[in-house]
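For reference, the chains in residue letters:
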Amino acid sequence: MSKFTDDLHLVEIGSPPTSPSQLLRDLGVRKAPKADQQAAVEAWLQEHDPVPVLRLGLEYWASYPEAAMARRTVTRPAPEARSPGRRR
């Protein structure tokens, strides 16, 4: 493959979502509470048939508790909360 060939696999505009995060973004509820996200996804599923990879992703996403998602957020302590003798 030469450096002048394009190996990007772009997705066509309007193609069906293939991941839960893409679906949530498309529905406009990516940062909404989990209950609102679930309601939006259920409404979407009433009118659409998800592709197999999205169906698997949604099964995993639905079983993932909101509390665990909140724990994944990494926050750094404020500078005054750090120990004074430790410098980075």
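In what follows, the structure referred to is the one given above.
Thresholds applied
- Residues numbered from 1 in each chain as written.
- Predicted model: local features only at pLDDT ≥ 70, side-chain atom pairs only at ≥ 80, totals over all residues.
- Heavy atoms only, no water.
- Salt bridge = Lys/Arg side-chain N within 4 Å of Asp/Glu carboxyl O.
- Core = buried A, V, L, I, M, F, W, Y, C linked by side-chain atoms within 4.5 Å.
- Buried < 20%, exposed > 50% of the residue type's maximum accessible area, 1.4 Å probe, protein only.
- Helix = DSSP H or I, 4+ residues; strand = E, 2+ residues; numbered from the N terminus.
- Contact = heavy atoms within 4.5 Å.
- Expected span 1.5 Å × (residues − 1).
- Arc of directions from axis to C-beta.
- Axes fitted to C-alpha atoms, helices over the stretch in contact; angles between N-to-C directions.
- Parallel < 35°, antiparallel > 145°, perpendicular 65-115°, else oblique.
- Left-handed = near helix turned anticlockwise from the far one by under 90°.
- Nonpolar A, V, L, I, M, F, W, Y, C, P; charged D, E, K, R; others polar.

K.L.:
How would you explain the pattern of salt bridges if you had to name every residue and give the values?
P.N.:
In this structure the tally under the stated criterion is one salt bridge. Note that Arg 55 and Asp 49 form a salt bridge whose closest N and O atoms lie 3.0 Å from each other.

K.L.:
Just give me the short version of the nonpolar core, but keep the residues and values in it.
P.N.:
In this structure, Leu 23, Leu 24, Val 29, Ala 40, Val 41, Trp 44, Leu 54, Leu 58 and Trp 61 together form the largest nonpolar core, which totals nine residues. Mapped onto this core, the elements with two or more residues apiece are α1 (20-27), α2 (34-47) and α3 (52-63). If near-sequence neighbours (up to four positions away) are discounted, Leu 23 is found in contact with Pro 17, Val 41, Trp 44, Leu 54 and Leu 58.

K.L.:
I'd like to hear about α2, residue by residue, with values.
P.N.:
With 14 residues, α2 should cover 20 Å at 1.5 Å per step; its first-to-last C-alpha distance of 20 Å lies within 8% of that length. Burial in α2 covers these residues: Lys 34, Gln 37, Ala 40, Val 41 and Trp 44. Buried residues of α2, seen end-on, are gathered within an arc of 125° and therefore sit on one face of the element. Residues of α2 that are exposed and angled more than 90 degrees away from the buried face: Ala 35, Glu 42 and Gln 46.

K.L.:
Which residues make up the packing of α2 against α3, and what values go with them?
P.N.:
Axis separation between α2 and α3 bottoms out at 12 Å; the angle between their running directions is 150°. What the angle tells us is that α2 and α3 run roughly antiparallel. Regarding α2 and α3, the two cross each other, and that crossing is left-handed. Counted together, Lys 34, Gln 37, Gln 38, Val 41, Trp 44 and Leu 45 of α2 and Leu 54, Leu 58, Trp 61 and Ala 62 of α3 form the full contact between these two elements. Looking at the contact of α2 with α3 residue by residue, the class counts come to seven nonpolar, two polar and one charged.

In short, shape yes, function no, at least from these values alone.
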